[in-house]
Amino acid sequence: MSERDLTRRRAVLVGAIPAVAASVLALTLVPAIPAGAGSSSDTTTTTTATDGTDDAALVAEGRELYDISCSSCHGATGEGTDLGPDLVGVGAASADFMLRTGRMPDTNPSRQATAKRPAFDDRQIEALVAYVASLGPGPPIPNVDDPRGSLQEGASLFLLNCAACHSAAGDGGALSYGRNAPELHSVGRTQVAEAMRIGPGPMPVFGPDTFSNEEVNSIVEYVTYLRDPEEPGGISLGVIGPVTEGLVGIFVGLGVLVLVVRWIEARA
Amino acid sequence: MIIPRLARWLDDRLGASRVARSTLNKVFPDHWSFMLGEIALYAFVILLLTGVYLTFFFVPGSKEVVYDGSYAPLHGATMSQAYESTLRISFDVRAGLVMRQIHHWAALVFVAAIIAHMSRVFFTGAFRRPREINWMVGITLLLLAVANGFTGYSLPDDQLSGTGLRIAYSVVLSIPLVGEWMAFLIFGGAFPGNDAITRFFVIHILIVPAAIAILLTVHLALLVRQKHTQWRTARAREDNVVGAKLWPTFMAKTVGLFFLVFAVVAALGGLVQINPVWIWGPFQPAAVSAASQPDWYVGWLEGALRLMPPWEIRAFGFEIPNPFYGGVLMPGITFGILYAWPFLEARFTHDHAEHHILDRPRDRPVRTAIGTGILTFYLLLFIAGGNDVLAAQFHVSVNAITYVLRVLLFVGPVSTGYVTYKLAQELRARDRARETTRSTRPPPPTAVLRRTPTGGYVEG
Amino acid sequence: MRDKDRDELTKAEWRATNRVATGFAATTLAAIGLAIVYWQGGQTQLEGVLLALALGGLGYGFVVVAKRLLPQGPYEEERDPLPASDETVAGIEQDIERGEGWLDRRGFLLKLLALAGGALGLAALFPIRSLGPSPGNQLKRTRWRKDSLVVDAQGNPIATDALEVGGTLTVFPEGALEAEDSQTVLIRVPEDEFRPREGRADWAPMGYVAYSKVCVHAGCPVGLYQQDIKRLLCPCHQSTFDALDGARPVFGPATRSLPQLPLYVDDGGFLRSQSDYTEPVGPGFWDRDR
């Protein structure tokens, strides 16, 4: 005979080990780092610094593409309109960065341009870059392998100059009014250098008199390292920091232990 | 044969047989929610064990050294001895990293368990007479645990914790009249100074653990003296304790729990990376990382600092700067209310009687609603502490999040408190209805009569 | 008891015994594994998992023993009432006041004792003074002086072409690299957009404007320069400052502008400071404005 009591169901857990194993399994399914949509491949980017005006035919090809895809916002001859800035003197680096990260064409100019799948293939990008570079002298596409950067120098420079916006782990960070400094794990090596040289959007400009080519290449080395850093401690939770660690400590750590004590004191 | 001889040997010298017997036979009410405090206790033991190990390798010094360990990206970098020894533990001492990570995970679980235990005591009214002293001892233990966590994760002298130290320095600085002097005396000068790591080391491994150990002893002694509270059941009354005996059953359960708590933090310590100081880099005063947060149990303070509008008091050339309100005043009020709660409630309810039977939260709707509101308040502050992480993860404006949270901070607790109050009322009403149904149900039949084919009546 | 009951009871106990044995066996194996892993050089994940298994096996075993093989009760124990009788409590007062007559006509001794204790206690606090230097003016000055050379974190001077418009760099006074209070954020803004404060017309040559990097809220480095909207953002609590308007705070908890460093260009074409900051840098404190 049992009293019709207000007894709540108790989760009877046989053994804490399955629970720990299950939570570990759940953790491995947690998505790691927010993946930037669209990335540029390094293998097809030219690794020699170029100002892109070598080939007149390329420039002409670029002009045609420009007329179709870019002139409505940037003007018929790159002089700019209300919707887009003028491109005279922005250089090959700007065009290459914007096109390879898919930021351009920008379908929503009122918000910060975000990385997307590139709208053009390599040949088209080269042509467009050549045309934009021909509009006026500007920063060339950097060569991130020569001079060779140093990982250690890159770490030191990155932590002082870049981590404030992009976070020490390169996960990106929030800026004012909905803009952000993007994560650095899915962007091409050359594009990292290009961004430093041109200062896209909210990012400051780090010209050749601020950081030498060697210093820029060092930072590129460190950013490359951050894509796959040493993680001897286990699942990294994206190195977002104490926020995620705290959530895991409370909900996994204490959570599992609450299940454990409920099992210990469960009536047979 | 051994036990009787040992018992006789000890009793001849200590005269403790009676005490031993009453201890072995002590009855402990068994409910899972009574084990939350034990989780905290065992987390503390684990912190002591792993902590001692770490002290054999950690060097609490601020002297600058050049790194030449096995973590390549920092090769040749200048850093403090504290940071360098932390890297050495993480990369070059066998099992050093797992010990470090178990230690840190155990600290997170320690504070979480204390708060869970404190909430259980609050919502069941276990702080009432005669347990007001033990409640205050418990609040002090919470303060000490948070303090030790903060001093602990500041020891490696990495960029993240160094940023936290700078903020702490500024909060101390904001104290009226004595703030400047206090900051200079605690840190040994202007920030960062050379003394903070060494002093925090002493605080973290000696002063606070000793205080925790002493207060824990008091906490447990009071519990033994006053005996544990219990839920109302058929057998449990105000003047008895019903449950399992200390020996052997309770002892076996609690020892088992210790091993299981250790197992959980060991699993976390090996499988989930925590505080990767090599990514944050050594502390540099002019550097900072986006998304810098303190450990979760300090997150509510961080949120208060972020949500505070740009107000401060200035008069006659003096000022009480902005960080004071969120960093000193608000926590002061928080802990003031916590300490005073048993006395406040006794005064407001005019209830000064002894209580050994617990309330179900629904039976005290006002207390439960207030408690829920307070928890909501600190949860919102914790969320505010991570406003930039939220903004980055969900692509929302951090400014908007801040504005919204400022409003929610007051609307939220009132709403959740109100909903909780109504919920408690509703649950009690259903309980009463069920009681009424049971008492007005017709009594079961006492006999069953059957008519036989021949016309008679037979029972059965 | 019928035989069927006895068999069932034994079956449950037998199951429990098996479980405990499994737990302890798992512990044994995991412990051996742990020793091997350590001997072979160690590996964090294996160490954690094996330790967890070893401890978990023990924990599981103990709990199963407690739940299935040990007497469950429920047992009952009386609570002896806590309060003692009134006579006993009154007796305390008698015990404490034993022999108190000695204070008659000697009440001043108690006051003298209080004075003595207070004086000794106060004197005992004096060694605290040695914990740190007197604040003095330290929070009101930095290492910047008249004609200090502006250098970057590696010690290199800053020429007038060092930054492009929209560029930024962390700078220090020469000889005081890594001085926390002297850290300065140098920005190059478009000259036509810059609105110097009153009396600061010559502080920002060629668009180079320098602000203290120590946030006036809680001291974090104000490291985020958003060059499109010309705003400085502090990552700690999101205080935002307008770089074109003397770093006036426009969002967040900061209540005052970042102090501005007066700059000039020397004969060699390098940036130097005209003087130290004209107000204390960093977070506020009680007598900051005096």
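Let me begin by describing the structure that accompanies this report. Each residue is numbered by its place in its chain's sequence as written, counting from 1. Each chain takes a letter, starting from A, and each ligand takes a number, starting from 1, following the order in which they are written. The predicted origin of the model limits local features to residues at a pLDDT of at least 70 and limits the giving and counting of side-chain atom pairs to 80 or more, whereas totals for whole chains, interfaces and linings rest on all residues. No hydrogens and no water enter the side-chain calculation; it runs on all heavy atoms of the structure.

**Some details on the pairing of strand S3 (residues 168–173) of chain C**
Successive side chains on a regular strand alternate, one facing one side of the sheet and the next facing the other.
All names here are of chain C.
Link 1 in the chain: Note on classification: 1.4 Å probe, protein chains only; a residue is buried when its accessible area is under 20% of the maximum for its type, exposed when over 50%, partly exposed between these limits. Strands are runs of DSSP state E lasting at least 2 residues, helices are runs of H or I lasting at least 4, and numbering of each runs from the N terminus. Of all six residues in S3, six are buried, a share of seventy percent or more.
Link 2 in the chain: Along S3, one buried face is formed by Thr168, Thr170 and Phe172 and the opposite face, lined by Leu169, Val171 and Pro173, is buried too.
Link 3 in the chain: Note that strand S2 (residues 150–152) and S3 share three bridges and pair antiparallel. Note on S3: the bridge partner recorded for Val151 is Phe172.
Link 4 in the chain: Should DSSP find at least two bridges between two strands, the strands are regarded as paired. The pairing of S3 with strand S4 (residues 184–188) spans four bridges and is classified as antiparallel. Following the sheet pairing, Thr170 is matched in S4 by Val185.

**Topic: the sheet that holds S3 of chain C**
Link 1 in the chain: Spatial strand order, S2-S3-S4-S5-S10 (chain C): five strands in an open sheet with antiparallel pairing. The open sheet terminates on both sides in strands that have one partner only, identified here as S2 and strand S10 (260–261) of chain C.

**Considerations on the interface of chain A and chain B**
Link 1 in the chain: Note on contacts: a residue pair is in contact if any heavy atoms of the two residues lie within 4.5 Å. In this complex, chain A contributes 63 residues to the contact, which on the side of chain B involves 66 residues.
Link 2 in the chain: By buried area we mean the combined loss of accessible area, with a 1.4 Å probe, across both parts when two parts are placed together. Between chain A and chain B the total buried area reaches about 5300 Å² when both faces are included, carbon and sulfur atoms providing 69% of it.
Link 3 in the chain: Counted as salt bridges are all cases of a side-chain nitrogen of Lys or Arg within 4 Å of a carboxyl oxygen of Asp or Glu. Where chain A packs against chain B, one counts one salt bridge.
Link 4 in the chain: Polar contact is the term for a pair of N or O atoms within 3.5 Å; when the atoms are in protein, one must be able to donate a hydrogen and the other to accept it, and sequence-neighboring residues count only if both atoms are side-chain atoms. Summed over the shared surface of chain A and chain B, the number is 14 residue pairs in polar contact (both at pLDDT 80 or more).
Link 5 in the chain: Counting only elements with at least two residues in the side of chain A that touches chain B, the list comes to helix H1 (16–29), helix H6 (151–161), helix H7 (163–166), strand S1 (173–174), helix H9 (213–227) and helix H10 (242–264) of chain A.
Link 6 in the chain: A total of 19 residues in the side of chain A that touches chain B trace back to one element, the largest contributor, which is H10 of chain A.
Link 7 in the chain: Here the residues of the side of chain A that touches chain B are counted per class, giving 41 nonpolar, 13 polar and nine charged. Residues are grouped as follows: Ala, Val, Leu, Ile, Met, Phe, Trp, Tyr, Cys and Pro are nonpolar; Asp, Glu, Lys and Arg are charged; all remaining types, including Gly, are polar.

**What about the packing of aromatic side chains?**
The description of an aromatic ring pair rests on the distance of the ring centres and on the angle between the ring planes.
Link 1 in the chain: Two rings from Phe, Tyr or Trp (for Trp, the six-membered ring) form a pair when their centres are within 6.5 Å of each other. A pair whose planes differ by under 30 degrees is stacked, one over 60 is edge-to-face, and the rest are tilted. Summed over the entire model, instances satisfying the criterion amount to 35 aromatic pairs over all chains.
Link 2 in the chain: Each ring, one from Tyr53 of chain B and one from Phe57 of chain B, has its centre 5.0 Å from the other, and the planes form 50°; the classification is tilted.
Link 3 in the chain: With a centroid separation of 5.5 Å and an interplanar angle of 55°, the aromatic rings of Phe258 of chain B and Phe259 of chain B are classed as tilted.
Link 4 in the chain: Site record: aromatic cluster; members linked through ring pairs are Phe150, Tyr153, Tyr169, Phe187, Phe191, Phe200 and Phe283 of chain B.
Link 5 in the chain: Across the ring face of Tyr38 of chain C, the terminal group of Arg94 of chain B is positioned such that the distance to the ring centre comes to 5.3 Å. We call a charge positioned above a ring when the Lys NZ or Arg CZ atom is no farther than 6 Å from the ring centre and deviates by at most 35 degrees from the ring normal.

**A few points about the side chain of Arg131 of chain B**
Link 1 in the chain: Along the chain, Arg131 of chain B falls in the loop between helix H5 (96–123) and helix H6 (132–154).
Link 2 in the chain: His is not counted, nor are the chain ends; Lys and Arg add positive charge and Asp and Glu add negative charge. As a buried residue without a salt bridge, Arg131 of chain B has its nearest oppositely charged side chain in Glu354 of chain B, at a separation of 7.0 Å.
Link 3 in the chain: If we ignore the near neighbours within four places in the chain, the residues touching Arg131 of chain B are Ala126, Gln226, Lys227, His228, Thr229, His355 and His356 of chain B together with Arg79 of chain C.

**Notes on H9 of chain A**
Turn by turn, an α-helix covers 3.6 residues, leaving residues three or four places apart pointing in a common direction.
Link 1 in the chain: Expected span, for any helix, means 1.5 Å times one less than how many residues it has. In this model H9 of chain A runs 21 Å from its N-terminal to its C-terminal C-alpha over 15 residues, within 8% of the 21 Å that 1.5 Å per residue would give.
Link 2 in the chain: Counting buried positions along H9 of chain A yields 11 of 15 residues, so the element is predominantly enclosed.
Link 3 in the chain: Those residues of H9 of chain A lying buried are Glu215, Val216, Asn217, Ser218, Ile219, Val220, Glu221, Tyr222, Val223, Tyr225 and Leu226 of chain A.
Link 4 in the chain: Residues of H9 of chain A that are buried make contact with H6 and helix H8 (189–198) of chain A together with helix H11 (277–280) of chain B.

**Observations regarding the side chain of Thr86 of chain B**
Residue and element names in this part refer to chain B.
Link 1 in the chain: Summarising the element assignment, Thr86 is placed in helix H4 (residues 81–91).
Link 2 in the chain: Thr86 sits in the buried class, given a relative accessible area of 2%.
Link 3 in the chain: A polar side-chain atom of Thr86 sits 2.8 Å from the main-chain carbonyl oxygen of Ala82.
Link 4 in the chain: If near-sequence neighbours (up to four positions away) are discounted, Thr86 is found in contact with Phe58, Arg100, Pro156 and Val277.

**Thoughts on a negative patch on the surface**
All names here are of chain C.
Link 1 in the chain: Patch definition: residues above 30% relative accessible area lacking any salt bridge, with like charges linked at up to 9 Å and the nonpolar side chains Val, Leu, Ile, Met, Phe, Trp and Tyr linked at up to 5 Å. Using a 1.4 Å probe, the Shrake-Rupley method yields the accessible areas, and only the shown protein chains count as cover for residues. A charge is said to be at NZ when it belongs to Lys, at CZ for Arg, at CG for Asp and at CD for Glu. On the surface, Glu93, Glu97, Glu100 and Asp104 cluster together into a patch of negative charge.
Link 2 in the chain: Of note, Glu100 is situated in the loop between helix H3 (86–96) and helix H4 (107–125).
Link 3 in the chain: On the accessibility criterion, Glu100 (45% relative accessible area) is partly exposed.

**Points about the state of the cysteines**
Link 1 in the chain: In this description, a disulfide is simply a cysteine sulfur pair whose atoms lie within 2.5 Å. Enumeration according to the criterion identifies one disulfide over all chains in this entry.
Link 2 in the chain: Through a disulfide, Cys220 of chain C is tied to Cys236 of chain C; the S-S separation comes to 2.1 Å. Measuring the twist about the S-S bond at about -90°, one finds the Cys220 of chain C-Cys236 of chain C disulfide to be left-handed. Of this pair, Cys220 of chain C sits in the loop between strand S5 (208–212) and strand S6 (224–226) while Cys236 of chain C sits in the loop between strand S7 (231–233) and strand S8 (240–242), placing them 16 residues apart in sequence. As far as the burial class goes, Cys220 of chain C and Cys236 of chain C line up, both buried.
Link 3 in the chain: Free of any disulfide, Cys70 of chain A has its nearest cysteine sulfur in Cys73 of chain A, 8.9 Å distant.

**Structural notes on the environment of Pro139 of chain A**
All names here are of chain A.
Link 1 in the chain: Counting through the fold element by element, Pro139 comes out in the loop between helix H5 (122–134) and H6.
Link 2 in the chain: A relative accessible area of 25% places Pro139 in the partly exposed class.
Link 3 in the chain: A C-alpha to C-alpha distance of 8.0 Å links Pro139 and Gly89, two positions 50 residues apart in sequence.

**Regarding the sheet that holds S7 of chain C**
Residue and element names in this part refer to chain C.
Link 1 in the chain: As summarised here, the arrangement of the four strands in space is S6-S7-S8-S9, forming an open sheet in which the pairing is antiparallel. On the outer flanks of this sheet lie S6 and strand S9 (248–251), each paired with one strand and no other. With strand direction ignored, the average angle separating the axes of adjacent strands in the sheet is 35°. Here an angle of 0 to 180 degrees is reported between the N-to-C directions of two axes, which are lines fitted to C-alpha atoms, with helices fitted over the stretch in contact.

**A word on the interface of chain B and chain C**
Link 1 in the chain: Taken together, the contact between chain B and chain C spans 92 residues of the former and 71 residues of the latter.
Link 2 in the chain: Carbon and sulfur atoms supply 62% of the area buried between chain B and chain C, which totals about 7000 Å² over both sides.
Link 3 in the chain: Along the contact surface separating chain B from chain C lie seven salt bridges.
Link 4 in the chain: In this structure, the salt-bridge partner of Glu319 of chain B is Arg256 of chain C, at a minimum N-O distance of 3.1 Å.
Link 5 in the chain: Per element, the largest residue contribution to the side of chain B that touches chain C is 16 residues, and it comes from helix H10 (residues 246–271) of chain B.
Link 6 in the chain: In the sheet, strand S4 (residues 240–245) of chain B pairs with strand S1 (residues 75–78) of chain C via four bridges, with the strands oriented antiparallel. When the sheet's bridge partners are listed, Asn240 of chain B is paired in S1 of chain C with Glu78 of chain C.

**Observations concerning helix H13 (residues 323–349) of chain B**
Residue and element names in this part refer to chain B.
Link 1 in the chain: Given a rise of 1.5 Å per residue, 27 residues ought to cover 39 Å, and the 36 Å separating the end C-alpha atoms of H13 matches this to within 8%.
Link 2 in the chain: To get the bend at a residue, fit one axis to the 7 residues ending there and another to the 7 starting there, then take the angle between the axes. At Trp341, H13 shows its largest kink, close to 60°, and the proline Pro342 lies no more than four residues downstream.
Link 3 in the chain: Directly after H13, the chain includes His350, whose backbone phi takes a positive value near 55°.

**Concerning a nonpolar patch on the surface**
Residues and elements named next belong to chain B.
Link 1 in the chain: On the surface, a nonpolar cluster with roughly 720 Å² of combined accessible area is contributed by Leu329, Ile333, Ile337, Leu344, Phe348, Val366, Ile370 and Ile374.
Link 2 in the chain: Only H13 and helix H14 (365–385) provide two or more residues apiece to the nonpolar patch.
Link 3 in the chain: Examining the composition of the nonpolar patch, we find that five residues originate from one element, H13, more than from any other.
Link 4 in the chain: Inspection of the secondary structure assignment puts Ile333 in helix H13.

**Some details on the nonpolar core**
Link 1 in the chain: Of all hydrophobic cores here, the largest spans 117 residues; its most connected members are Ile39, Ile46, Phe110, Trp135, Leu257 and Trp296 of chain B.
Link 2 in the chain: A total of 16 residues in this core trace back to one element, the largest contributor, which is H5 of chain B.
Link 3 in the chain: One finds Met98 and Ala169 of chain A, Ile279 of chain B together with Leu163 of chain C within the second-largest nonpolar core, a separate group that totals 58 residues. Among the buried residues, those of types Ala, Val, Leu, Ile, Met, Phe, Trp, Tyr and Cys that are joined through side-chain atoms within 4.5 Å form a nonpolar core.

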